[in-house]
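Structural overview
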Amino acid sequence: MKPLLNLFAIAPLLLPCTTWATSQTDTKTLSEEDFQLCLGELRAEATQQDIPAQTISQYLKDIQLNPKVIELDRSQPEFTSSFADYYTRRVSDTRIETGRKKYQALQPLLQRLTREYGIPGHYLVAFWGLETNYGGYLGYIPTLDALATLACEGRRGEYFKGELFNALRILQAGDAERDIMKGSWAGAMGQTQFMPAIFLQYALDDDGDGRRNLWESERDALASAANFLRGLGWQREERWGREVSLPDDFDFQLTGFANQRPLSEWARLGITLPGGAALPVADLEAAVIVPSGHNGPAFLAYGNFRVIMGWNRSESYAIAVGRLADRIAGGGALHQAPVPAPRLNREQVSKLQETLNQLGHDAGDVDGLLGPGTRKALARYQQANGMVADGFPDQDVLTHLGILP
C-alpha cells in the first residue's frame with residue numbers, strides 16, 4: 001500500500017511568519033482593530049504568494065471577523081464520546097436507507113468511477129453520507145471569513161493562512177463564487193468537506209461545465225472523492241476490514257496497528273467470522289480493533305482502513321465509513337453491539353492519566369485526552385490487576401482506579 005499523505009504538508013510552502021498573528025498566539029480575544037491590522041498583512045503576503053492584485057482586492061476587502069469560529073476552534077468537548085455513541089449516531093437506520101437509495105439512483109456514475117479510480121461506489125456514498133448527509137448539510141460559515149479569522153487568531157495561524165491563500169486560488173480559477181463558498185467553521189467545503197489544499201490537488205470537473213463545483217454538483221463531488229481516495233493509496237479489490245469473533249482466550253495486548261499480522265496468522269490464533277465460519281484465505285495483513293472493549297464488536301482492519309484514516313484520522317470514523325458502506329451494499333447489522341462507556345470529562349481523564357503514571361504505567365503527557373497512549377497504559381494496568389487487558393475504560397476499571405465511584 002502506498003504511504004499515507006500528510007494532509008497538512010501538501011499546502012504550498014508559506015513565507016516565514018512575521019505577521020501580527022504570531023505575537024497573538026496566546027491572546028484570549030481578537031479585537032476588530034487587531035483583525036483589520038492582520039488582514040492588512042495578509043493582503044501584503046498574498047501578493048508575495050503570486051495571487052493577482054485583482055483577486056486580493058475583490059475577495060479580501062469584505063472579510064468579516066467571526067467570533068463564533070474562534071469559539072468553536074478553542075472549545076474542547078467537556079465529555080468524551082464513546083464509540084457506541086459515535087457509531088449509533090452516524091450509522092443510523094435513516095442514513096443507511098438514504099444511502100441505499102442514493103447508491104441505486106447513481107449506479108451509472110458510480111460504476112464508471114469504480115472503473116476509473118478503483119473505489120467501489122458504496123464507499124463513495126458512505127463518505128458522502130458521513131461528511132454532509134449526502135449533500136444535505138454543507139455548513140453555513142463563509143469560508144474566507146473562517147480562514148481569515150483563524151489565520152489571525154494565531155494558534156495555528158500559518159496553516160490557516162495557507163488555506164486562505166488556497167481558497168483565493170480556487171476563486172481565482174473560477175471554480176466557485178464567494179457567495180457559495182461556505183462550509184464548516186474550520187474551512188472544510190462542499191459535499192465532500194475538502195479543505196482548500198485538498199480541493200486544489202484532488203477536486204475534479206466531472207460534469208464538464210468548466211468548474212470544480214463541490215457544492216452543487218454530485219458528479220464533481222463524488223469523482224473528487226474517488227480521486228482523493230486513489231491518491232491516498234486505496235487498494236483495488238480489497239475491503240476496508242470486517243467484523244470478526246475473537247476466541248475466549250484472545251490476548252488483547254495484540255490489538256492495534258502495532259500488531260498487524262497476516263490473515264492466516266489471525267486464523268491460526270482462533271479468530272473467525274461472526275458465527276464461527278473460517279476467515280477468508282487472502283494475502284492480507286490486518287490489525288485487530290476493539291473500539292468498545294472485549295464485550296463489544298471486534299474488527300479486522302485491512303490496508304484500506306488506514307486509507308480511510310488518511311481522510312479523517314479517527315478509528316471510529318474509519319469503522320463508521322466501512323460499516324455504512326457495508327450496509328449500503330446490503331450487509332446486515334453488527335453481530336455484537338457496541339458497549340456503552342461512562343462519559344468522562346477532561347478533568348477525569350487527566351486524573352486517570354496521572355494515576356496511571358504514578359502507578360508506573362506510562363500514559364504520556366497529562367492532557368485530558370483519552371488517546372492510544374492512555375489506552376495502552378490502561379491495558380497494562382488491567383493486565384497487572386487480573387482484568388481483561390483491552391484498554392477499555394469501563395465502569396469496573398475506573399472504579400478500581402478511583403476515577404469513578
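This section reports on the structure supplied with the text. Predicted model, so just to flag it, every value in this text is computed and none were measured. (Residues numbered from 1 in each chain as written. Predicted model: local features only at pLDDT ≥ 70, side-chain atom pairs only at ≥ 80, totals over all residues. Heavy atoms only, no water.)

1. Comments concerning the state of the cysteines
One pass over the full model with this rule turns up one disulfide. Paired through a disulfide, Cys 38 and Cys 152 show a sulfur-sulfur distance of 2.0 Å. Its S-S torsion of approximately -90° makes the covalent link between Cys 38 and Cys 152 left-handed. Of this pair, Cys 38 sits in helix α2 (residues 32-48) while Cys 152 sits in helix α9 (residues 143-153); the two residues are 114 residues apart in sequence, bridging distant segments of the chain. Neither Cys 38 nor Cys 152 differs from the other in exposure class; each is buried. (Disulfide = S-S within 2.5 Å. Helix = DSSP H or I, 4+ residues; strand = E, 2+ residues; numbered from the N terminus. Buried < 20%, exposed > 50% of the residue type's maximum accessible area, 1.4 Å probe, protein only.)

2. Description of the sheet that holds strand β5 (residues 285-289)
Taking strand neighbours across the sheet as the criterion, the four strands line up as β3-β6-β5-β4 in an open arrangement whose pairing is antiparallel. Looking at the sheet topology across the chains shown, the edges are occupied by β3 (241-244) and β4 (261-262). In this sheet, β5 lies alongside β4 in antiparallel orientation, the contact comprising two bridges. Directly across from Pro 262, in β5, lies its bridge partner Glu 285. (Pairing = 2+ DSSP bridges.)

3. Points about the pairing of β3
Judged by which residues are buried, β3 turns out to be covered on both faces: Gly 241 and Glu 243 on one side and Arg 242 and Val 244 on the other are all buried. Relative to strand β6 (residues 298-301), β3 is paired through four bridges, and the arrangement is antiparallel. Looking at β6, one finds that Gly 241 is bridged to Ala 301.

4. Side note on unusual backbone geometry
We note that Asn 133 has phi near 55°; this positive angle belongs to a residue other than glycine. With respect to the element layout, Asn 133 can be found in the loop between α8 (121-132) and β1 (141-142). The class of Asn 133 is partly exposed, set by a relative accessible area of 40%. With phi around 55°, Gln 193 is a residue other than glycine that occupies positive phi space. Turning to its location among the elements, Gln 193 is positioned in the loop between β2 (182-183) and α11 (196-202). Judged by its relative accessible area of 16%, Gln 193 falls in the buried class.

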